[in-house]
Amino acid sequence: MSVENAESLFQDLRNRKVPGLLSHQADMLRAYHQLPMDERDVALQLPTGSGKTLVGLLIAEWNRLKHGRRVVFLCPTRQLAHQVVEQATNKYGIEARVFTGPQREFPPAARSAYHASECVAVTTYSGLFNTKPFFDNAEVAVFDDAHAAESYVASTWSLRVLRRRDEAFFNALIGLLQPILPPNDLLRFASSEEDPIHRAWVEKIPFQRIAPLETNLMALIDEHATGDEHKHHWKLLRSGLHSSCLYVGVDSILLRPLIPPTWTHAPFASIKQRIYMSATLGEGGELERLWGVEAIRRLAAPVGWDKQGIGRRLFLFPELSLEELDAREVAYDLIKKVPRATILVTDDAAEEGVGKDVQEKTDYALFGAKEIEESKRPFVNRDRAVAVMAARYDGIDFSEDECRLLILWGQPRGLNLQERFLSSRMAASLLLEDRVLTRIVQGAGRCTRTPTDYAAVVVLGFDLTRLLQQDEIRRLLHPELQAELEFGILQSKNVTGPEEFGGYLSDLLERSADWQDADGAIVSLRETKQREIRPLLPKLREAVKYEVRFQKEFWNRRFEEALDAARQVLMSLNGPDVAGYRAFWNYLAASVAYQAAQRGHGSMLQVSVEHYRNASQALPSVSWLVELSRPAMSAPVAEERADALLSRLITGLEASLEVLGSANAKKIEAQFKSIVDGLGRSESAQFETALESLGRLLGYESERPAAEDAAPDVLWRIGQDFCVVFEAHTDVKDSAQPIGANKVRQAKSHPDWVAAHGRLRDELRATAVLVSPCSSITRGAQPHADGVDYWHRDQLRSWATQALATLRELWLAFPQAGDLQWRKNAEQVLFDRGLAPASLALLLNRSPLAGLPVMGAEKDE
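These remarks concern the structure in this document. (Residues numbered from 1 in each chain as written. Predicted model: local features only at pLDDT ≥ 70, side-chain atom pairs only at ≥ 80, totals over all residues. Heavy atoms only, no water.)

1. Overview of the overall build of the protein chain
Working step 1: Looking only at helices and strands, the protein chain features 37 helices and 24 strands.
Working step 2: For 861 residues, the compact-globule estimate of 2.2 N^0.38 gives 29 Å, and the protein chain sits close to it at 30 Å.
Working step 3: Judged by the C-alpha coordinates and their principal axes, the protein chain covers about 110 × 75 × 45 Å.
Working step 4: Sequence-distant contacts, at least 24 apart, represent 75% of the contacts inside the protein chain between residues at least 6 apart.
Working step 5: Just so you have it, the protein chain exposes about 34600 Å², and 48% of that area is on carbon and sulfur atoms.
Working step 6: Counting 102 positive and 117 negative side-chain charges, the protein chain places the centres of these two groups 3 Å from one another. (Helix = DSSP H or I, 4+ residues; strand = E, 2+ residues; numbered from the N terminus. Rg over C-alpha atoms; globule rule 2.2 N^0.38 Å. Contact = heavy atoms within 4.5 Å. Areas by Shrake-Rupley, 256 points an atom, 1.4 Å probe, with all protein chains shown as cover. Lys, Arg positive; Asp, Glu negative; His and termini not counted. Charge placed at Lys NZ, Arg CZ, Asp CG, Glu CD.)

2. A look at empty space enclosed by the protein
Working step 1: Enumeration over the complete set of coordinates arrives at 6 cavities of 30 Å³ or more.
Working step 2: In this structure, the largest cavity encloses a volume near 60 Å³.
Working step 3: Every residue along the wall of the largest cavity is listed here: Phe207, Ile210, Ala211, Glu214, Leu241, His242, Ser244 and Gln595.
Working step 4: A class-by-class count of the residues in the lining of the largest cavity yields 4 nonpolar, 3 polar and 1 charged. (1 Å grid on protein atoms, 1.4 Å probe; cavity = no way out; pocket = protein on both sides within 12 Å on 5 of 7 lines; lining within 4 Å. Points joined across faces, edges and corners; volume = space filled by probe spheres on them. Nonpolar A, V, L, I, M, F, W, Y, C, P; charged D, E, K, R; others polar.)

3. Some points on the sheet that holds strand 2 (residues 71-75)
Working step 1: As summarised here, the arrangement of the 7 strands in space is 3-4-2-5-10-1-11, forming an open sheet in which the pairing is parallel. The open sheet has two free edges, formed respectively by strand 3 (96-98) and strand 11 (297-299), since each of these has just one partner strand. With direction set aside, neighbouring strand axes in the sheet form an average angle of 20°.
Working step 2: Lying on the sheet, helix 2 (residues 23-33) is in contact with strand 1 (41-45), strand 10 (273-278) and strand 11; it crosses strand 11 at an angle near 155°. (Pairing = 2+ DSSP bridges. Axes fitted to C-alpha atoms, helices over the stretch in contact; angles between N-to-C directions.)

4. Some remarks on the side chain of glutamine 87
Working step 1: With respect to the helices, strands and loops of the structure, glutamine 87 is situated in helix 4 (residues 78-92).
Working step 2: Classification of glutamine 87 by relative accessible area gives buried; the value is 16%.
Working step 3: Not counting residues up to four positions away in its chain, the partners in contact with glutamine 87 are Thr53 and Tyr92. (Buried < 20%, exposed > 50% of the residue type's maximum accessible area, 1.4 Å probe, protein only.)

5. So, the pairing of strand 4 (residues 120-124)
Working step 1: In terms of burial, strand 4 is a largely internal element, 5 of the 5 residues being buried.
Working step 2: Side chains of strand 4 alternate between two faces, with Val120, Val122 and Thr124 and Ala121 and Thr123 buried alike.
Working step 3: Two elements, strand 2 and strand 4, share 5 bridges in a ladder whose sense is parallel. Each residue of the ladder has a partner; that of leucine 74, found in strand 4, is threonine 123.
Working step 4: For strand 3 and strand 4, the ladder comprises 3 bridges, and the chain directions are parallel. Across the sheet, the residue bridging to alanine 96 is valine 120, located in strand 4.

6. So, the pairing of strand 16 (residues 405-409)
Working step 1: In terms of residue burial, strand 16 counts as a mostly covered element, since 5 of its 5 residues are buried.
Working step 2: Alignment of strand 16 against strand 17 (residues 454-460), held across 5 bridges, turns out to be parallel. Along strand 17, the bridge assignment pairs leucine 408 with valine 459.

7. A closer look at the packing of helix 26 (residues 537-555) against helix 28 (residues 579-598)
To describe two helices that pack against each other, one gives the angle between their axes and the distance between the axes.
Working step 1: Taken N-terminus to C-terminus, the directions of helix 26 and helix 28 make an angle of 25°; their axes are 12 Å apart at the nearest point. Judged on the interaxial angle alone, helix 28 and helix 26 are roughly parallel. Crossing angle aside, the handedness with which helix 26 passes helix 28 is left-handed. Every residue of helix 28 that contacts helix 26 at Leu540, Glu547, Phe550 and Phe554 is listed here: Tyr581, Trp585, Leu588, Val592 and Gln595. (Parallel < 35°, antiparallel > 145°, perpendicular 65-115°, else oblique. Left-handed = near helix turned anticlockwise from the far one by under 90°.)

8. Examining the pattern of salt bridges
Working step 1: Under the definition given, this model contains 64 salt bridges.
Working step 2: For glutamate 480, the salt bridge goes to arginine 312, with nearest N and O atoms at 2.8 Å. Taken together, the positions of glutamate 480 in helix 23 (residues 479-493) and arginine 312 in strand 12 (residues 312-316) put the pair 168 residues apart, joining distant regions of the chain.
Working step 3: By sharing partners, the salt bridges in this structure join Arg312, Arg313, Glu480, Glu484, Asp519, Arg526 and Glu527 into a single network. (Salt bridge = Lys/Arg side-chain N within 4 Å of Asp/Glu carboxyl O.)

In structure tokens form, the structure reads like this:
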């Protein structure tokens, strides 16, 4: 058998059922053989349906036969591992064995064959990334669907504690962190509120504040991380605790390094050559970040694949012409037109909710990712079935008649706490954009796996619909996908009734004459498209080797070397589009400089402060960055504090706009109208509900405290640094009557309630406001009016109307959370229109309650 190269090897595979290599497969093999033998990390870009499995297997088999190397071929799921072995042995004539499940069940003959380099071992990513892998001596590894490894690789060094599942562990961690968490954040954990803004909150505990707790934190995790879900991850993570990021949300806690330290995992680190295969490699260094590798040599997609794609997809966007709930009904009706459908959602909560709705609306059998990972046969062999899977944009494929309908529900961003923090708090949207688009591309291709495949792809969720509507976003995609999306958007906009979407699907399934015309139109449209690349992505790619180096040095407690690497990253990150990510790296540089200072390098303390200052200037909305940027005991100047409050309000505003993003304009206008109408009501419950909703929409932490003595009716806060408390005096029959002493005393006591309940820092005092349609106070109320501001109900309603008009304007321009240019513009708009926190305080202070006319007797009426 010739083993001069993989191409000649193929010719001597006498048991193969494939007559010959396709030209692009041969081109890729030749490009591989032109590389130096000692090239450690190589990425092959081979689009779906281009035969990348054969290319990967030929490279694996050539390495085994030519050099006698132990070779392992890795897949995301067991089902795919079995599929690869079936193809290798029955289709290509390559000796391969499958290794899935517990090691003790591996057949002795298979074990011996692998160790003697007598077969290509095929396993899952989990077969390599665990504490005691069988494959601890592989010499060549081929990683199929390399981007699908995101969760498998990172999770190896991730400790994820869920509030519902790990209640005692979660509560113990929060208890340990209590001294370093702001009281207002601690209130979030005491609340059972299910508001989307509340659930979306995430905070990172800065390294500087974790350091004093490191010993106790390690002991606590040692005590609680005993179950199978945690102990293996903790075993690998424990020695790098000091360099791991700790993220906290209301329902989960995540501890993980920024970049997975794969170099510490000998079974991966010792591999002589690592080959990553994927349909999309990314342009900003995402593959390197994912695998913890400084540099990966890329072999680009073969000539011709830059225009043509695999199969044909009909994209449908029901929300472009229908209300949100009607659009969902369209999706349910479309499911009932096919024997099987697949729905990809963003998280576990969405999977649970959508799955329940689908069963109620369609009465189809429900399948989850875990049921299909083992084998997809129970799903594809059953009619009237729906697979609903959270964040599974890779690794589970359906070809031909296995599934003809795919629903993409929601934008796949912020899938874990680290992503959510970088996007919403650090404004690193450009970094994550490449990742999000990769997921969309991979997700949209789950049901078109061969050149003749066809499927309908329904897009649901305002955030995803809006993203794909943007021409500048679509231009970043493959020309074929651009054309399919543009065609689908045009058709969906022109729909006059929900039944037309069913007609489109029927045309596709029947391959009707109308569909043939549509297919031709997509091909013609494709020829006019070119893929663009963000100019700043090469900067991110340039930075990634230093990012990986930083994590290595930080993990090994070489803090000054880590600082040098962080500074190299900062040198690569220039321009407004990466300002948020640059701020994050200034924070990381400050953190390692601080730790170096704590170990005797005193000059590093000032270096740390300077990097904190650089970070806080770019992101004043992150309060702990601002605090860490100041030398001990220095207080913020009033102007700096006002700017920081406005920036933090914008962060809250982004969260409210993301929630609004799930609705269409008609639903939003109804919500706005409900608030304005409620502010005009005399009934206290309706008024207070509207006031609370207004505050939340504007970005404040808005709440109606539990009913108790002296509690305010509504309060608006920005952390512990700004608070307005409202006493509603609206339930009056005659607005000509004066406000009595009891109501004034209640309003005046509210700042004391705020202080007693930890809603504001000790040195600050809340602004007390009494809202009423009445325009005078009694003589008995006058001695208590000092320190209370007054807002006439009609003036508040007028202010709210203008504020909501501004909110509507900002919502229309809102791209997604973390866009620094939008943040800058929004800050200017709120400042110019008197809607900044400082402007609100000034407005209220100009109208003291004591300035109202005094009417009536001294006795309170």
